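Structural description and commentary
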Amino acid sequence: MSKFFTDCNDQNTFSLDNVVGVRKKDSYTTGTYGDPKFEILARGIVVTLLVGGENQKYSILFDADKEKERDAEFRKLTKALSKVTS
């Protein structure tokens, strides 16, 4: 099994051994002062790696309406991490 993970967008490849944190994150706007509103701009997964003693963060981004795809990628990543750490 490979100890590397490439995201579904083929934009980031990283060693699973260096992962110290993974979380889901939504980017949103609250609008403007005169027009307050809550709107999700993007869905994402933030991966934190420990490289050379420093934290580096990578974001895997999805369109706002792609929550299911984001969640599937998150499950894929956490499953790959559990195989490496077990």
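Everything in this summary refers to the structure shown in the same document.

1. Examining the side chain of D7
Checked against the element boundaries, D7 lands in the loop between β1 (4–6) and β2 (13–15). Summary of buried charges: D7 has no salt-bridge partner, and the nearest side chain of opposite charge, K76, is 7.8 Å away. Polar side-chain contacts of D7 include one of 3.1 Å to the backbone nitrogen of Q11. A polar side-chain atom of D7 sits 3.0 Å from the main-chain amide nitrogen of N12.

2. Notes on the packing of aromatic side chains
Both the distance between ring centres and the angle between the ring planes are used here to describe each pair of aromatic rings. Evaluation of the coordinates by the stated rule reveals two aromatic pairs. Plain terms: the ring middles of F5 and F14 are 5.7 Å apart, the flat faces sit at 40° to each other, and that makes the pair tilted. Comparing F5 with F14 shows no difference in burial state: the two are buried. Between F14 and Y58, the aromatic rings sit 6.4 Å apart at their centres with planes inclined by 20°, giving stacked as the arrangement. Linking F14 in strand β2 with Y58 in strand β5 (residues 54–63), this pair joins segments that are 44 residues apart in sequence.

3. Some points on the pattern of salt bridges
This model, assessed by the stated rule, comprises seven salt bridges. With a shortest N-O distance of 2.9 Å, R43 and D26 are connected by a salt bridge. Taken together, the positions of R43 in strand β4 (residues 36–51) and D26 in strand β3 (residues 19–31) put the pair 17 residues apart, joining distant regions of the chain. On the basis of relative accessible area, R43 is assigned to the buried category, the value being 11%. As a salt-bridge pair, K76 and E73 come within 3.6 Å of each other at their nearest N and O atoms. In this pair, K76 and E73 both sit in helix α1 (residues 67–85), three residues apart, roughly one turn of the helix. According to the relative accessible area criterion, K76 is partly exposed, its value standing at 40%.

Each value, and the rule that gives it
Residues numbered from 1 in each chain as written. Predicted model: local features only at pLDDT ≥ 70, side-chain atom pairs only at ≥ 80, totals over all residues. Heavy atoms only, no water. Helix = DSSP H or I, 4+ residues; strand = E, 2+ residues; numbered from the N terminus. Buried < 20%, exposed > 50% of the residue type's maximum accessible area, 1.4 Å probe, protein only. Lys, Arg positive; Asp, Glu negative; His and termini not counted. Salt bridge = Lys/Arg side-chain N within 4 Å of Asp/Glu carboxyl O. Polar contact = N/O pair within 3.5 Å; in protein donor to acceptor, adjacent residues only side chain to side chain. Phe/Tyr/Trp six-rings, centres within 6.5 Å; stacked < 30°, edge-to-face > 60°.

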